[in-house]
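# Architecture at a glance
Read off the chains here:
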Amino acid sequence: MSIEADIAQRLKDVTGRLDAAAARAARAPGDVTLIAISKTQPDARIAAALAAGQRVFGENRVQEAATHWAARRETVAGLELHLVGPLQTNKVKDAVALFDVIQTVDRPKLAEHLAREFARAGTPRRCFVQVNTGEEPQKAGIVPAEADRFIAECRALELPVEGLMCLPPADEPAPPHFVLLGEIAARNGLSGLSMGMSADFEAAAELGATHVRVGTGVFGPRVPQT
Ligand SMILES: *Cc1c(COP(=O)(O)O)cnc(C)c1O
């Protein structure tokens, strides 16, 4: 099968499963946005996803994202790019220039830098607060007990927080983490929920995800980084 046909088929499969999961939860098909996570993928696969009509993509590194997307930003209409990996404060300017949505706001210093850069950039930008629902020490994200206070801090900085994002522990069932994220969002009046990856996006859609982040499900196995 050609790369084009392979990616088009994968996108169709994932979208079909996503719509079916949304329907099981009595949600409309368009309620859940599929973010195709293109990190480490060969350029031909990204081009194939664009050719198949996909317009919403996510990356976890600012530098790599620029090689995939900086030129396409100028040429592809309707593109929407999400940063889903950790953001260092010294990369905030580059990240805001490239991405439409920053999903990994997770500490006061980053929130301050972002608020300043969003204001400077002028054009509307969007962001999510990342919550470390599994309280894993090696993982980014604000811990659940500090989430309410941090969201309030972000709002005081006039950061346009649209929702919450989580990346559950790899060795635990994800649904309890999705439920917890939904509870934190609800009590803070936030409507966005970025949760669910290739292995569990259907469960996430059933539990209220507004955005699912699917990498290998859309593109096939990632190319190991050297
Ligand atoms: C890589 C990545 C994904 C996609 O993972 P898959 O298992 O390939 O679907 C989703 N979210 C984040 C934050 C990632 O880094």
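Whatever comes next refers back to the structure up there.
Just so you know, the residues in each chain are numbered from 1, in the order the chain's sequence is written. Reporting of local features is limited, given that this is a predicted model, to residues whose pLDDT is at least 70; pairs of side-chain atoms are given and counted only at 80 or more, and all residues count toward the totals for whole chains, interfaces and linings. As a rule here, side-chain values come from all non-hydrogen atoms in the structure, and water together with hydrogens is ignored.

When a carboxyl oxygen of Asp or Glu lies within 4 Å of a side-chain nitrogen of Lys or Arg, that pair is called a salt bridge. If you walk through the whole model with that rule in mind, you get 12 salt bridges. Among the ionic pairs, Arg-45 bridges to Asp-6, the shortest N-O distance being 3.4 Å. Of the two residues, Arg-45 is situated in helix α2 (residues 43–51) and Asp-6 in helix α1 (residues 3–24); the sequence distance between them amounts to 39 residues. Comparing Arg-45 with Asp-6, the two get one shared label, buried. Taking the shortest distance from any N to any O, the salt bridge between Arg-120 and Glu-117 comes out at 2.9 Å. Placement of the pair is Arg-120 and Glu-117 together in helix α5 (residues 108–121), with a separation of three residues, close to one helical turn. Exposure classes here rest on a 1.4 Å probe applied to the protein chains alone. A residue is buried below 20% of its type maximum, exposed above 50%, and partly exposed in between. Judged by its relative accessible area of 56%, Arg-120 falls in the exposed class. Each helix is a run of H or I in the DSSP string that is no shorter than four residues. Each strand is a run of E no shorter than two, and both are numbered from the N terminus.

Here we come to the site of the ligand. Close to the ligand lie Ile-37, Lys-39, Val-84, Met-165, Leu-167, Met-197, Ser-198, Arg-213, Val-214, Gly-215, Thr-216 and Arg-222, which account for all nearby residues. Any pair of N or O atoms that falls within 3.5 Å is considered a polar contact. Within protein, one atom must be able to donate a hydrogen and the other to accept it, and sequence-neighbouring residues count only if both atoms are side-chain atoms. A distance of 2.9 Å separates a nitrogen atom of the ligand from a polar atom in the side chain of Arg-213. A total of 390 Å² of accessible area belongs to the ligand in isolation, and the protein chains cover 89% of it. Gly counts as polar in this scheme, as do all residues outside two lists: the nonpolar Ala, Val, Leu, Ile, Met, Phe, Trp, Tyr, Cys and Pro, and the charged Asp, Glu, Lys and Arg. Looking at side-chain class alone, the shell around the ligand contains six nonpolar, three polar and three charged residues. Residues are labelled near a given molecule or strand when at least one of their non-hydrogen atoms is within 4 Å of it. Residue burial considers only the protein chains on display, and all accessible areas are found by Shrake-Rupley using a 1.4 Å probe.

The next subject is the packing of aromatic side chains. Any Phe, Tyr or Trp ring, taking Trp's six-membered ring, that has another such ring centre within 6.5 Å forms a pair; planes under 30 degrees apart are called stacked, those over 60 apart edge-to-face, and the others tilted. Per the counting criterion, the structure on display carries one aromatic pair. Summarising the aromatic geometry, the rings of Phe-57 and Trp-69 are spaced 4.5 Å apart at their centres and angled 40 degrees between planes, so their arrangement reads as tilted. Taken together, the positions of Phe-57 in strand β2 (residues 56–59) and Trp-69 in helix α3 (residues 62–75) put the pair 12 residues apart, joining distant regions of the chain. Accessibility classification places Phe-57 together with Trp-69 in one group, the buried group. Note that Arg-72 overlies the ring of Trp-69, its terminal NZ or CZ placed 5.6 Å from the centroid. Over a ring means this: the NZ of a Lys or the CZ of an Arg is within 6 Å of the ring centre and within 35 degrees of the ring normal.

Now for the pairing of strand β3 (residues 80–83). Strands pair, by our definition, only if DSSP identifies at least two bridges between them. With four bridges joining them, β2 and β3 adopt parallel strand pairing. Bridging across to β3, Val-56 finds its partner in Glu-80. Where the polypeptide runs from β2 across α3 and back to β3, its parallel neighbour, the crossover connection is right-handed. Note: β3 against strand β4 (residues 101–105), two bridges, orientation parallel. Residue pairing across strands places His-82 opposite Val-101, the latter belonging to β4. The definition of a right-handed crossover adopted here requires that, viewed with the strands pointing away, the path from the first strand over the helix to the second runs clockwise.

Further remarks concern the nonpolar core. Among buried residues, the Ala, Val, Leu, Ile, Met, Phe, Trp, Tyr and Cys ones that are joined through side-chain atoms within 4.5 Å form a nonpolar core. Ranked by size, the top nonpolar core spans 62 residues in total, and within it Ile-102, Val-105, Leu-114, Val-129 and Leu-159 carry the most contacts. A total of six residues in this core trace back to one element, the largest contributor, which is α1. If sequence neighbours within four positions are ignored, Leu-114 has contacts with Leu-87, Val-92, Val-96, Ile-102, Val-105 and Leu-159. Formed by seven residues, the second largest nonpolar core is a distinct cluster that contains Ile-37, Val-56, Val-84 and Phe-128. Whether two residues are in contact is decided by their heavy atoms, any of which lying within 4.5 Å being enough.

To continue, consider the pairing of strand β5 (residues 126–131). Counting buried residues along β5, five of its six residues qualify, which places the element largely inside the surrounding structure. Relative to β5, β4 runs parallel, the two being bridged by three bridges. Considered in β5, the bridge of Val-105 is made with Val-129. In this view, the connection linking β4 to its parallel neighbour β5 by way of α5 has right-handed handedness. Of the strand pairs in this sheet, β5 and strand β6 (residues 161–166) are connected by five bridges, and their pairing is parallel.

Lines are fitted to the C-alpha atoms to define the axes, a helix being fitted only along its stretch in contact, and any angle between axes, read from their N-to-C directions, falls within 0 to 180 degrees. Between α1 and α2, the shortest axis-to-axis distance is 9 Å and the interhelical angle comes to 60 degrees. Taken together, α1 and α2 sit at an angle that is classed as oblique. The element α1 and its partner α2 pack so that their crossing is right-handed. Across from Ile-3, Glu-4, Asp-6, Ile-7 and Leu-11 in α1, the residues of α2 making contact are Ala-44, Arg-45, Ala-48 and Ala-49. In terms of residue class, the contact of α1 with α2 is built from six nonpolar, no polar and three charged. Should an angle lie under 35 degrees it is considered roughly parallel, over 145 roughly antiparallel, and from 65 to 115 roughly perpendicular; all remaining angles are considered oblique. Two helices crossing with the near one rotated counterclockwise from the far one by less than a right angle form a left-handed crossing, whereas a clockwise rotation gives a right-handed crossing.

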